[in-house]
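Secondary and tertiary structure notes
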Amino acid sequence: MVSLENTLEELTRTNKRAEKVRRYIVVEGLYQNSGQVAPLNEIVRLKEKYRFRVVLDESHTFGVLGSSGRGLTEYYGVPVEKIDIITAAMGNALATDGGFCTGSVRVVDHQRLSSAGYVFSASLPPYLATAAISAVDYLEENPSVLATLRNNIALLRIGLSDVAELEVSSSPLSPIVFLNLKKSKGSQEEDLQLYDKIVSRAFHEDSVFMVTSRRTALDKCRLPLGIRLFVSAGHSETDILKACDSLKRVAALELA
Amino acid sequence: MVRLPYLTALTTLFSYGLLFAFGQVRDFIRYILDLRKSKNLQCLVQGYAPICLGLEDFYTRRLYLRIQDCFNRPIASAPDSWIDVVERYSKDHNKTLHRTSKTSKCLNLGSYNYLGFAAADEFCTPRVIESLKEYSPSTCSARVDGGTTKLHAELEELVAQFVRKPAAIVFGMGYATNSAIIPSLIGKGGLIVSDSLNHNSIVNGSRGSGATVQVFQHNSAAHLEEVLREQIAEGQPRTHRPWKKIIVIVEGIYSMEGELCKLPDIIDVCKKYKAYTYLDEAHSIGAIGRSGRGVCELLGVDTADVDIMMGTFTKSFGSCGGYIAASKEIIQHLKNTCPAHFYATSMSPPSVQQVISAIKVVIGEDGSDRGARKLAQIRENSNFFRFELHRMGFEVLGDDDSPVMPIMLYNPAKIPAFSRECLRHNLAVVTVAFPATPLLLARARICLSASHTREDMIRALDVLSTVGDLVGIKYFPIEPQ
């Protein structure tokens, strides 16, 4: 947040034209590559001070955070009108394909004619829209599924807290649990090979399916690679405990 | 080439000028009223730059909103040859539209349903429902994580075999296929030469890749040669080093013109100057060619000469998503570098099954000849319809065999007149204006389907003739001999 404040200060102080230019801060609610949660109250405070608009991508927080699953704004108690544009992918909590974008009437109507991905692309297949509607209805009627998810995350984090040489580096709220080596083995390629070995042993011997982080050649992301586990409200306690035991066993064997 | 009569050009410009003047007057009155009001109002959004400045959304506010009821019409059934259109009403002169619960059954000339797979099909639909029960609507995962099912692998092989290329890769969204693949194929230091009427997804992808983009005149192999010669001689901007890579991007059928690409000439030019070719067959795959294999088959071009072939499943196969077919090395490279493969949710399994079943019907693997009959039907329908429209005096664009037929309207006032009159006669058409087409060349785009029967087409022609006389778009009447 210090870096954000400095950047905003620098941009608005030297630029007299800054008043007339449309400016946006673009953040993700839960970062897919690191599992960290954005501090929304800080961002809103900065946005109001420097007069920027906020674009928030809630792909991994929609249906996960907040007492009724409405996302990051509910979790932090920030009135949703303060966020100008909220976008989300429906492939995560809602288990369909596609995405949506919400905002004020003016912003959304403007996009119906000017957004390239909306105007020049074919629309969503109707059965996916129906699936999304049913998912949202289910979430409204059964908010207890959020509590189940939170318990599962907590249980997994406790179970993984004593794995040999690996530590959990994502936020306690995040359903994407990242495991990284406490000390790197030298280079990124060696780390990645080690993670691959752990993941494939757990898969072949204990039937536990996890994935490692991937980067493409075009990526400019400098976050460390790790093993990713995705927690679901559909997992039972025995499933979570089995995953923890398997990881402990395989990590001890590989990293000994 | 589009013929634009002199008088029509003048009247169209006059129409736009009048609309512009009216819009400015209304804007001015709004400005005066706002000045008076803002003295009493406490502005909540003080200090924030406005979302749209000045004239940026002038077109939306003053022109588009007047005829808003002709666009974005909600439908209430599958987009088969007959479609249910939801009726809407407005209480404030089209600023907001409200849906009613009534629908009217209209003849559908606006959907890309070239082979008739949009409605329930006896081979495809039971298999799709089964895969929905087995795999659920989404894989909830990127392709590299847990999103590759048996169906995805089968589809990639089937697409490669259908298009006659060694390998293929599929994506969940057709637009994203172009805009995410082009940056993976070429970067800074490369040159992209693209047709002037290429689709927005290609333009977006080219811009996002960082390569230099040059445009050549639509379908002109001579101008392409000129551009290539000049660019190869000059080299990269400022350093004048040779280009790392040159890719020429063309489309199979251009959706706003209905024209086929002059592929043999363009391929000759590319081979002569050692440039790669990228063919976007969004509208032509499955719809043209003797066995539905697209523009290469129709024009007799060997698929080994086209380096990368792209297509979508939305038009002829009744599904969603896109594919790229190329050599094994290119596909392997894409699987290791394309962000859409790594981070985007993979294609929905029932959609994958729909494409697999549709391709099997087209090539005849379902055990019947429905595929061949559909292909013959769409060709016959397109040629019959185009000939009749031409005979009635409309200005129709497009080549023979192409199922896309734009009818020129030119004048902005004729767009809502044509659209609303057709809807009154229960004919659903799609009208296109600026900015999707040049300012003076507004048109109504007709898309035929293999499921249209002869009676449907004769009925459509009657309605179009009546409406055409009423609206005055029969610009080139054929003189009786």
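Identification of chain B as serine C-palmitoyltransferase from Platanthera zijinensis is taken from an unreviewed UniProt entry. Under the Subcellular location (unreviewed entry) heading, UniProt states for chain B: "Endoplasmic reticulum membrane". As its UniProt record puts it under Cofactor (unreviewed entry), chain B is described as follows: "pyridoxal 5'-phosphate".

With an unreviewed UniProt entry as reference, chain A is termed serine C-palmitoyltransferase, source organism Platanthera zijinensis. Per UniProt, chain A has the following entry under Sequence similarities (unreviewed entry): "Belongs to the class-II pyridoxal-phosphate-dependent aminotransferase family." The Cofactor (unreviewed entry) field of the UniProt record for chain A holds the comment "pyridoxal 5'-phosphate".

This brings us to the sheet that holds strand 1 (residues 82–89) of chain B. Across the sheet, three strands lie side by side as 1-2-11 (chain B); this open sheet has mixed pairing. Either end of the sheet is taken by a strand with one partner, and the two such strands are strand 1 and strand 11 (427–428) of chain B.

Glancing now at the UniProt feature "domain: Aminotransferase class I/classII large" (unreviewed entry) in chain B. In the numbering used here, UniProt assigns the "domain: Aminotransferase class I/classII large" (unreviewed entry) feature to residues 105–464 of chain B. Along residues 105–464 of chain B, the helical share is 42% and the strand share 16%, with 17 Å between the first and last C-alpha atoms.

Bringing the packing of aromatic side chains into the picture now. The tally for this structure, following the rule as stated, stands at eleven aromatic pairs over all chains. Judged by centre distance (5.3 Å) and plane angle (70°), the ring pair of Phe 62 of chain A and Phe 100 of chain A falls under edge-to-face. In this pair, Phe 62 of chain A is assigned in the loop between strand 2 (53–57) and helix 3 (72–76) and Phe 100 of chain A in strand 4 (residues 99–103), connecting sequence segments 38 residues apart. Judged by relative accessible area, which is 21%, Phe 62 of chain A ranks as partly exposed. Ring geometry for Tyr 75 of chain A versus Tyr 76 of chain A: centroids 5.3 Å apart, planes at 85°, classification edge-to-face. Here the aromatic residues Phe 162, Phe 313, Phe 317 and Tyr 323 of chain B are joined through ring pairs into a cluster of three or more. It is Arg 23 of chain A that lies over the ring of Phe 52 of chain A; its NZ or CZ is 5.3 Å from the centre.

Moving on, we come to the domain arrangement of chain A. Residue and element names in this part refer to chain A. Taken domain by domain, chain A holds domain 1 (2–141) and domain 2 (144–255). When each unit is reduced to the centre of its C-alpha atoms, the spacing between domain 1 and domain 2 is 27 Å. Taken together, the contact between domain 1 and domain 2 spans 17 residues of the former and 15 residues of the latter. For the pair domain 1 and domain 2, the two sides together bury roughly 1,300 Å², of which 65% comes from carbon and sulfur.

Ranked by size, the top nonpolar core spans 62 residues in total, and within it Leu 155, Val 193, Leu 224, Leu 263, Phe 313 and Phe 317 of chain B carry the most contacts. Leaving out residues up to four positions away in the same chain, Val 193 of chain B has contacts with Gln 214, Phe 216, Leu 224, Val 227, Leu 228, Ile 246, Ile 247, Val 248 and Ile 249 of chain B. Among the nonpolar cores identified, the runner-up in size contains 50 residues, and Val 78, Val 163, Leu 166 and Leu 255 of chain A belong to it.

Our focus in this paragraph is the interface of chain A and chain B. With 41 residues of chain A at the contact, the number on the chain B side is 40 residues. Overall, the association of chain A and chain B removes approximately 3,300 Å² of surface from exposure, summing both partners, and the carbon and sulfur fraction of that is 59%. For chain A, the biggest contributors to the area lost against chain B are Arg 22, Leu 113 and Phe 120 of chain A; these three give 18% of the whole. Applying the counting criterion to the chain A and chain B interface returns one salt bridge. Between chain A and chain B we count seven residue pairs in polar contact (both at pLDDT 80 or more) in total. Every element with two or more residues in the side of chain A that touches chain B is listed here: helix 2 (40–50), helix 4 (105–114), helix 5 (116–119) and helix 6 (126–141) of chain A. When residues of the side of chain A that touches chain B are assigned to their parent elements, the largest contribution, five residues, is made by helix 4 of chain A. Tallied by class, residues from the side of chain A that touches chain B come to 17 nonpolar, nine polar and 15 charged.

Procedures and definitions
Residues numbered from 1 in each chain as written. Chains lettered and ligands numbered in written order. Predicted model: local features only at pLDDT ≥ 70, side-chain atom pairs only at ≥ 80, totals over all residues. Heavy atoms only, no water. UniProt positions renumbered as here; feature names shortened; annotations may be inferred. Pairing = 2+ DSSP bridges. Helix = DSSP H or I, 4+ residues; strand = E, 2+ residues; numbered from the N terminus. Phe/Tyr/Trp six-rings, centres within 6.5 Å; stacked < 30°, edge-to-face > 60°. Buried < 20%, exposed > 50% of the residue type's maximum accessible area, 1.4 Å probe, protein only. Lys NZ or Arg CZ within 6 Å of the ring centre and 35° of its normal. Domains from an automatic or database assignment. Contact = heavy atoms within 4.5 Å. Buried area = accessible area lost by both parts, 1.4 Å probe. Core = buried A, V, L, I, M, F, W, Y, C linked by side-chain atoms within 4.5 Å. Salt bridge = Lys/Arg side-chain N within 4 Å of Asp/Glu carboxyl O. Polar contact = N/O pair within 3.5 Å; in protein donor to acceptor, adjacent residues only side chain to side chain. Nonpolar A, V, L, I, M, F, W, Y, C, P; charged D, E, K, R; others polar.

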